[in-house]
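Close look at the chain arrangement
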Amino acid sequence: MRKIVVLGSTGSIGRQTLDIVRAFPDEFEVIGLAAGTNTKLLKEQVAEFQPAHVWSAAAGAEEMVTLPRVDQVMVALMGSVGLTPTLNALAAGKQVALSNKEPIVMAGKLIKDFEALYGGRVLPVDSEPSAIWQCLQGEDNEILRILITASGGPFRTTPLEDIENVTPEQALRHPTWKMGQKITIDSATLMNKAFEVIETHWLFSVPWERIEVVVHPQSTIHSMVEFADGSVKAQLGPPDMRLPIQYALFYPQRLPNSMIPRLDTSISHSLNFDPLEPNRYPCFSLAIEAARKGGTYPAVLSAADEVAVQAFLDGKIGYGGIHHLVEQTLSEHDSLPGETAEEVLQADAWASARAFELASG
Ligand SMILES: NC(=O)C1=CN([C@@H]2O[C@H](COP(=O)(O)OP(=O)(O)OC[C@H]3O[C@@H](n4cnc5c(N)ncnc54)[C@H](OP(=O)(O)O)[C@@H]3O)[C@@H](O)[C@H]2O)C=CC1
Ligand SMILES: CC(=O)[C@@H](O)[C@H](O)COP(=O)(O)O
Ligand SMILES: [Mn+2]
């Protein structure tokens, strides 16, 4: 029995995690659930899974993840709120299935340091890092290049002059994946892809210059690894997060699950690759630059983006404003080394407040 806690159980990843638990009732005991404001769904989940611990705010979740009887923690929270529970779970030696990518963006080195220090383990869930992880199984060879695939989002072919003024409704129409609102907007701007470059750098210790992004509109190949001899390994599957979630929860076992769709080879499939157009996605290079500068810039990047996306969804700024707001906040930041959780959280708080001021002014 895997004794699991699910943080963000009412969200897109949280609900799909509980689908996996439902599919293997003899394999899991749900010890705790935590969510934000969707108390109706949380109550239904509590009635079904009977967890001993429930929180409808992140604060309590920070302690729940350290309970001695917990083996696995699924962190499916959205945004920076996932950082402290992730660090706490690792400090308590737990297996952390980490879907929530913002904590790795904010504090990738710290998360890896906690893993090494306390014996906890990060298990990637995001589909691209999961694909890379799967391609690396059994490999002890030098990685020449990681190729992260990007759908290109809903504005991949939109005339450049029209992109500045697209609406939230248009930006929320992701071409291949059904996800929460924040990551869907990040996919449109390609901030999500930059976050995945950052995840890849930290999770697999790959130098920045060996990580590339390729536009692949079908989202059938979830990422690829090229080795020294030129061989490229790829992981494929229909765009459904239940597969990477299940892979992380049962690693290294692969179990059959009829709920997960199979790749349909009875119909024709195209697998296209296109180069990334930097002008179309200004957030991408902005984010990579902040990541490579290091210190607390990545934490500021993540916090400013979180505020900017919400401001766009709330109609306070236009789509083009997301990039400007993040750039402005980064440019005003005096970076700290970012080697402790306190420094990272301090930068996060500063950037959230500053970006909020800029969005409101
Ligand atoms: N969705 C996907 O397919 C993928 C998502 N990811 C990453 O996984 C994470 C989750 O994404 P997704 O599931 O789409 O997001 P959702 O917005 O669908 O869900 C977020 C979850 O976090 C909870 N939550 C948000 N803020 C708080 C808070 N302050 N305190 C407590 N709980 C909170 C929400 O609770 P409530 O709804 O009750 O308010 C909800 O359960 C993100 O980091 C995303 O980038 C990565 C790859 C794919
Ligand atoms: C499902 C998942 O992992 C998302 O992060 C996905 O990558 C979004 O698609 P794009 O960012 O490629 O548009
Ligand atoms: Mn992804």
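In the nomenclature of an unreviewed UniProt entry, the protein chain corresponds to 1-deoxy-D-xylulose-5-phosphate reductoisomerase from the organism Geodia barretti. The UniProt entry for the protein chain carries this comment under Pathway (unreviewed entry): "Isoprenoid biosynthesis; isopentenyl diphosphate biosynthesis via DXP pathway; isopentenyl diphosphate from 1-deoxy-D-xylulose 5-phosphate: step 1/6." According to its UniProt record, the protein chain has this under Sequence similarities (unreviewed entry): "Belongs to the DXR family."

Here the protein chain is partitioned into domain 1 (2-124) and domain 2 (126-152 + 190-276). Put simply, the middle of domain 1 and the middle of domain 2, counted by C-alpha atoms, are 23 Å apart. Each side of the interface is counted separately: domain 1 has 27 residues, and domain 2 has 27 residues. Here domain 1 and domain 2 share an interface that buries about 2,400 Å² over both sides, 73% of which is from carbon and sulfur atoms.

Before going further, it helps to examine helix α10 (residues 191-204). A rise of 1.5 Å per residue sets the reference length of α10, with its 14 residues, at 20 Å; its end C-alpha atoms lie 20 Å apart and thus fit the reference within 8%. Across the 14 residues of α10, 13 count as buried, placing the element largely inside the fold. Count one or two residues on from α10 and you reach Ser 205, which has phi positive near 50 degrees.

Another point: a nonpolar patch on the surface. Together, Leu 236, Leu 263 and Leu 271 make up a nonpolar patch on the protein surface, roughly 220 Å² of accessible area in all. Within the secondary structure layout, Leu 236 lies in strand β10 (residues 232-236).

Strand β2 (residues 28-34) sits mainly inside the fold: six of its seven residues count as buried. Note: strand β1 (residues 2-7) against β2, six bridges, orientation parallel. Within β2, the residue paired with Lys 3 across the bridge is Glu 29. As paired elements, β2 and strand β3 (residues 53-55) share three bridges and run parallel to each other. Among the inter-strand pairings, Leu 33 is bridged to a residue of β3, identified as Val 54.

So, about the sheet that holds β2. Pairing is parallel across the open sheet formed by six strands, whose spatial order is β3-β2-β1-β4-β5-β6. One side of each edge strand has no neighbouring strand; the edge strands of this open sheet are β3 and β6 (121-124). Geometrically, the sheet is characterised by an average inter-axis angle of 25 degrees between neighbouring strands, direction not taken into account. Pairing geometry for β1 and strand β4 (residues 72-75), over four bridges, is parallel.

The subject of this paragraph is the coordination of the manganese ion (ligand 3). Around the manganese ion (ligand 3), the donor atoms from the protein are Asp 126 (OD), Glu 128 (OE) and Glu 196 (OE), and they sit 2.0 to 2.1 Å away. Around the manganese ion (ligand 3), the six donor atoms sit at angles spanning 63 to 166 degrees, and that spread fits a shape best called irregular. Written as a sequence motif, the donor arrangement for the manganese ion (ligand 3) is D-x1-E-x67-E. With Asp 126 in the loop between β6 and α6 (127-136) and Glu 196 in helix α10, the pair connects residues that are 70 residues apart, well separated along the chain. For Glu 196, a relative accessible area of 1% corresponds to the buried category.

Calculation notes
- Residue numbers restart at each chain and count upward from 1, following the sequence in its written direction.
- Each chain takes a letter, starting from A, and each ligand takes a number, starting from 1, following the order in which they are written.
- Totals for whole chains, interfaces and linings use all residues, but because this is a predicted model, local features are given only for residues with pLDDT of at least 70 and pairs of side-chain atoms are given and counted only at 80 or more.
- Only hydrogens and water are set aside when side-chain values are computed; all heavy atoms of the structure are taken into account.
- UniProt positions are given in the numbering used here, feature names are shortened, and annotations may be inferred rather than shown by experiment.
- Note that the domain bounds reflect an automated or database-derived domain assignment.
- Two residues qualify as a contact provided that any one of their heavy atoms is within 4.5 Å of a heavy atom in the partner residue.
- Here the buried area means the combined drop in accessible surface, using a 1.4 Å probe, for two parts upon being joined, counting both sides.
- Secondary structure elements are taken from DSSP: a helix is a run of H or I of four residues or more, a strand is a run of E of two residues or more, and numbering for both begins at the N terminus.
- By definition here, a helix of n residues has an expected span of 1.5 Å times n minus one.
- Only protein chains enter the accessibility calculation, which uses a 1.4 Å probe. A residue is then buried if its area is under 20% of the maximum for its type, exposed if over 50%, and partly exposed in between.
- Think of a patch as exposed residues, more than 30% relative accessible area, with no salt bridge, where like charges cluster within 9 Å and nonpolar side chains (Val, Leu, Ile, Met, Phe, Trp, Tyr) cluster within 5 Å.
- In short, Shrake-Rupley with a 1.4 Å probe defines the accessible areas, and a residue's cover is counted only from the protein chains shown.
- For this analysis, a salt bridge means a side-chain nitrogen from Lys or Arg found within 4 Å of a carboxyl oxygen belonging to Asp or Glu.
- Pairing between strands is defined by DSSP: at least two bridges between the two strands are required.
- Simply put, an axis is a line fit to the C-alpha atoms, just over the touching stretch for a helix, and the angle between two N-to-C directions goes from 0 to 180 degrees.
- For Na, K and Ca the donor cut-off is 3.2 Å, and for all other metals it is 2.8 Å, counting N, O and S atoms only; because water is absent from this set, sites may look incomplete.
- Between 85 and 135 degrees for all angles marks four donors as tetrahedral; over 155 degrees for opposite donors together with 65 to 115 for all other angles marks four donors as square planar and six as octahedral; every other arrangement is irregular.

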